[in-house]
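The chain contents come next:
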Amino acid sequence: MCGETFAMKSQLKIHLMLHTGKRPYSCELCGKVFSHSSNLKTHMLSHGGAKPYGCEVCGKTFTGTTSLKNHLLVHTGERPHSCDVCNRAFGQKSHLTEHMRSHSGEKRLSCEVCSRAFARKYSLKRHLLTHTGQKPVMTSEDTKPPFSVK
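Rules of the game
- Residues numbered from 1 in each chain as written.
- Predicted model: local features only at pLDDT ≥ 70, side-chain atom pairs only at ≥ 80, totals over all residues.
- Heavy atoms only, no water.
- Helix = DSSP H or I, 4+ residues; strand = E, 2+ residues; numbered from the N terminus.
- Buried < 20%, exposed > 50% of the residue type's maximum accessible area, 1.4 Å probe, protein only.
- Contact = heavy atoms within 4.5 Å.
- Areas by Shrake-Rupley, 256 points an atom, 1.4 Å probe, with all protein chains shown as cover.
- Patch = residues over 30% accessible without salt bridge, like charges linked within 9 Å, V, L, I, M, F, W, Y side chains within 5 Å.
- Salt bridge = Lys/Arg side-chain N within 4 Å of Asp/Glu carboxyl O.
- Lys, Arg positive; Asp, Glu negative; His and termini not counted.
- Charge placed at Lys NZ, Arg CZ, Asp CG, Glu CD.
- UniProt positions renumbered as here; feature names shortened; annotations may be inferred.
- Expected span 1.5 Å × (residues − 1).

Topic: the overall build of the chain
Stage number 1. Along its length, the chain carries six helices and nine strands.
Stage number 2. For the chain, the residues scored as buried account for 19% of the 150 residues in total.
Stage number 3. Within the chain, residue pairs in contact and separated by at least 24 positions form 13% of the contacts whose partners lie at least 6 positions apart.
Stage number 4. Put simply, the chain shows about 11500 Å² of open surface, and 52% of that area lies on carbon and sulfur atoms.

So this is what it looks like as structure tokens:
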């Protein structure tokens, strides 16, 4: 599929869920689903309010070490994941993956009201407001560029 290799069969099995979309672990409290049990365990911390991992730079706290690690890139400015097509760089691999859809034209998200398709989650969320009559609210996150050029 993607050519990625793994030392253990169990790692490959977990990775394949990314391609199949299979998410067998679900939160009994909110219904959110996950491809791996450890992700569900980390998610469960969000319901209890526990955020034991803190940023030494700004004090922001997180439920897991991965979230903290991703957050630290905000302070360093590091963007280790770059697009092979246009050279835009991203702090998180998931942001690069989402960006790649802009080159492929893939639109995997659709509006449950009118079936219009979107490539990005925020575009779908913004579109959904057209059905409710609400106006979009711009946050500080909307003013930050989501990428940089290497």
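Back to the text.
Quick notes on the environment of glycine 105
Stage number 1. Here glycine 105 shows up in the loop between α4 (93-104) and β7 (109-110).
Stage number 2. Taking the C-alpha atoms as reference points, glycine 105 and phenylalanine 118, separated by 13 residues in sequence, lie 9.4 Å from one another.

Let's talk about a positive patch on the surface
Stage number 1. On the surface, Arg23, Lys32, Arg108, Lys121 and Lys125 cluster together into a positively charged patch.
Stage number 2. Mapped onto the elements of the fold, lysine 32 is located in the loop between β1 (25-26) and β2 (33-34).

Let's talk about the pattern of salt bridges
Stage number 1. Inspection of every chain in the model, using the stated rule, returns two salt bridges.
Stage number 2. Note that glutamate 98 is salt-bridged to arginine 120, the shortest N-O span being 3.8 Å. Of this pair, glutamate 98 sits in helix α4 while arginine 120 is found in the loop between β8 (117-118) and α5 (121-132), placing the two residues 22 residues apart along the sequence.
Stage number 3. Judged by relative accessible area, glutamate 98 falls into the partly exposed class, the value being 24%.
Stage number 4. Ionic pairing is found between glutamate 106 and arginine 101, a salt bridge with its closest N-O pair at 3.8 Å.
Stage number 5. The exposure class of glutamate 106 is partly exposed, given its relative accessible area of 39%.

Quick look at the environment of histidine 15
Stage number 1. Assignment of secondary structure puts histidine 15 in helix α1 (residues 9-20).
Stage number 2. The class of histidine 15 is buried, set by a relative accessible area of 11%.
Stage number 3. Dropping the residues within four chain positions of it, histidine 15 is found in contact with Cys2, Glu4 and Phe6.

Some details on the UniProt feature "domain: C2H2-type" (unreviewed entry) in the chain
Stage number 1. Per the UniProt record, "domain: C2H2-type" (unreviewed entry) is annotated on residues 1-24, 25-52, 53-80, 81-108 and 109-136.
Stage number 2. Helix makes up 43% of residues 25-52 and strand 14%, with an end-to-end C-alpha separation of 23 Å.
Stage number 3. Secondary structure across residues 53-80 divides into 43% helix and 14% strand, with the first and last C-alpha atoms of the span separated by 22 Å.

Some remarks on α1
Stage number 1. Spanning 12 residues, α1 covers 16 Å between terminal C-alpha atoms, matching the ideal 16 Å at 1.5 Å per step.
Stage number 2. After α1 finishes, the residue glycine 21 shows a positive phi value of roughly 80 degrees.

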